[in-house]
Amino acid sequence: MSSPSETVTPEVLREWGMPDPGNSKKTRGRVMVVGGSRRSPGAILLAGEAALRVGAGRLGLVVPLSIEAQIGVVIREAAVFSLPEQATDPIDGHLRDELAAAGAVLVGPGFDEPDETRATLEAIADIGVACLVLDAFGLGVLPDIDRTLLPDTLILNPNEEEAALLLGRELRDDRTGDLLEIAERYDAVVNCYGHVVSPSGESWRVSAGGAGLGTSGSGDVLAGAIAGLAARGLPAERAAVWASWVHASAGDRLTERPGLGFLAGDLARELTPVMNGALGEFTSA
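**Student:** What should I look at first to understand the packing of helix 10 (residues 236-256) against helix 11 (residues 264-279) in this one?
**Tutor:** Think of two packed helices as two axes; the pair is described by the angle between the axes and how far apart they sit. Their axes nearest at 8 Å, the elements helix 10 and helix 11 cross at an angle of 110°. Relative to helix 11, the element helix 10 lies roughly perpendicular. Remark: the crossing between helix 10 and helix 11 carries right-handed chirality. For the pair helix 10 and helix 11, contact is made by W242, W245, V246, H247, S249, A250, G251, R253 and L254 and by D266, L267, E270, L271, P273, V274, M275, A278 and L279, respectively.

**Student:** Teacher, can you tell me more about helix 8 (residues 175-186) here?
**Tutor:** For the α-helix, the turn length of 3.6 residues means that residues three or four positions removed from each other point alike. For helix 8, spanning 12 residues, the distance from its first C-alpha to its last is 17 Å, which sits close to the expected 16 Å at 1.5 Å a residue. Burial in helix 8 covers these residues: R175, T176, G177, D178, L179, I182, A183 and Y186. In this structure, the buried side of helix 8 is in contact with strand 7 (153-156), helix 7 (160-167), strand 8 (189-192), strand 9 (195-197) and strand 10 (203-205). Among the residues trailing helix 8, D187 stands out with phi positive, at a value near 50°.

**Student:** How should I be thinking about the state of the cysteines in this particular structure?
**Tutor:** Covalent bonding between the sulfur atoms of two cysteines defines a disulfide. Tallying each qualifying case throughout the model produces 0 disulfides. No disulfide involves C131; its sulfur sits 18 Å from the nearest other cysteine sulfur, which is in C192.

**Student:** Honestly, the side chain of S249 in this entry has me stumped. Any pointers?
**Tutor:** Along the chain, S249 falls in helix 10. Residue contacts for S249: discarding those within four places in its chain leaves A208 and V274.

**Student:** I keep staring at the pattern of salt bridges and nothing clicks. Help me out?
**Tutor:** Across all of its chains, the model carries 15 salt bridges by this definition. D266 is the salt-bridge partner of R269, the closest N and O atoms lying 2.9 Å from each other. Here D266 and R269 lie together in helix 11, a separation of 3 residues that amounts to about one turn. Look at R269 and you get partly exposed, because its relative accessible area is 44%. A single salt-bridge network, built from bridges that share partners, covers R169, R172, D178, E181 and R185.

**Student:** Any chance you could explain the packing of helix 9 (residues 218-232) against helix 11 here in plain terms?
**Tutor:** Packing of helix 9 against helix 11 leaves a shortest axis separation of 9 Å and a crossing angle of 35°. For helix 9 against helix 11, the interelement crossing comes out right-handed. Facing S218, V221, A225, L229 and R232 of helix 9, the residues of helix 11 in contact are A264, L267, A268, L271 and M275. Of the residues that constitute the contact of helix 9 with helix 11, the class distribution is 8 nonpolar, 1 polar and 1 charged.

**Student:** What exactly am I supposed to notice about the confidence of the model for the chain here?
**Tutor:** Detail in the predicted coordinates should be disregarded across regions flagged by low pLDDT. Averaged over every residue, the pLDDT of the chain is 92; the share at 70 or more is 98%. Considering only residues more than four positions removed or in separate chains, one finds that residues 281-285, a stretch of pLDDT under 50, has 12 contacts.

**Student:** I'm lost on helix 7 in this one. Help?
**Tutor:** Burial in helix 7 covers these residues: E162, A163, A164, L166 and L167. Of the residues that open helix 7, the one with a side-chain oxygen 3.1 Å from the backbone nitrogen of E161 is N159. At the exit of helix 7 stands G168, carrying a positive phi of roughly 80°.

**Student:** Where do I start with the sheet that holds strand 6 (residues 131-134) in this structure?
**Tutor:** Strand-to-strand pairing in sheets goes through backbone hydrogen bonds, with the strands running parallel or antiparallel. Overall, mixed pairing links the 10 strands, which are arranged 1-10-9-8-7-6-5-2-3-4 in an open sheet. Two strands close off the open sheet at either side, each with one partner strand: strand 1 (6-7) and strand 4 (79-82). Where strand 7 lies against strand 8, 2 bridges are found, and the strand directions are parallel. By the bridge assignment for strand 8, I155 is matched with V189. Packing of helix 9 onto the sheet brings it into contact with strand 2 (30-34), strand 5 (104-107), strand 6, strand 7 and strand 8, and relative to strand 5 it is tilted by some 165°.

Criteria and cut-off values
- Residues numbered from 1 in each chain as written.
- Predicted model: local features only at pLDDT ≥ 70, side-chain atom pairs only at ≥ 80, totals over all residues.
- Heavy atoms only, no water.
- Axes fitted to C-alpha atoms, helices over the stretch in contact; angles between N-to-C directions.
- Helix = DSSP H or I, 4+ residues; strand = E, 2+ residues; numbered from the N terminus.
- Parallel < 35°, antiparallel > 145°, perpendicular 65-115°, else oblique.
- Left-handed = near helix turned anticlockwise from the far one by under 90°.
- Contact = heavy atoms within 4.5 Å.
- Expected span 1.5 Å × (residues − 1).
- Buried < 20%, exposed > 50% of the residue type's maximum accessible area, 1.4 Å probe, protein only.
- Disulfide = S-S within 2.5 Å.
- Salt bridge = Lys/Arg side-chain N within 4 Å of Asp/Glu carboxyl O.
- Nonpolar A, V, L, I, M, F, W, Y, C, P; charged D, E, K, R; others polar.
- pLDDT = per-residue confidence, 0-100.
- Polar contact = N/O pair within 3.5 Å; in protein donor to acceptor, adjacent residues only side chain to side chain.
- Pairing = 2+ DSSP bridges.

Rendered as structure tokens:
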């Protein structure tokens with residue numbers, strides 16, 4: 001059996017604090033979200049909005065050329081970039097520079113084709129990004145990727161089915177032990193349904209959250225929040241814990257107000273007041 005996880009409370013989060021936001025958008029970090037498809041264009045929008053709602057200063061959305069035009073008019077605060085027409089082509093020019101300069105890059109929300117996702121992930125890894133967050137199809141192709149090609153700072157945000165895929169077997173009752181196995185295998189911080197585990201063996205448990213979080217797009221919001229906080233400068237473990245707690249607590253607040261049936265977009269908008277409420281007067285890391 002694995003060791004007990006530390007319970008996440010507002011007091012723990014206040015003690016951790018947040019990086020100093022500085023006085024401009026440039027001091028709050030740049031996050032790039034890579035994903036989207038004709039079938040699921042909304043996923044990358046939810047993730048991108050969540051990254052901004054937790055305080056990231058600048059946002060770039062990187063999408064297939066087929067949906068670039070429609071994405072740009074939805075989140076007016078984002079810069080929009082198109083992926084190479086062929087996924088196997090290298091990423092170069094201005095987009096390469098933007099990815100290389102990002103505090104965190106999230107890959108996966110809205111992708112729906114494994115081969116293209118794998119090729120895109122490999123092309124991004126070749127750039128040498130600082131921090132990589134994987135979600136959805138980005139996790140699905142991870143077992144086929146050479147870990148040494150990926151950056152040292154890697155954060156995984158699987159649901160239970162994706163965690164089983166990364167393990168190569170079904171999950172057991174010892175959830176923390178299962179996630180530690182994934183964390184050690186991929187040398188990554190892993191967040192799954194309120195359990196956060198680092199490859200060093202540290203673990204945290206978020207007890208907030210309920211059935212309302214089980215709505216389409218909820219995981220995209222969570223992944224975007226993780227990436228946004230990592231881009232702001234939080235260490236990977238703390239970015240995952242903070243995001244998981246804020247996401248779950250936002251769900252609790254919405255359950256109390258409108259009740260079951262709130263949407264992922266409502267979750268994204270609720271992140272800001274929940275996070276700032278947890279911080280109180282504590283604003284420095």
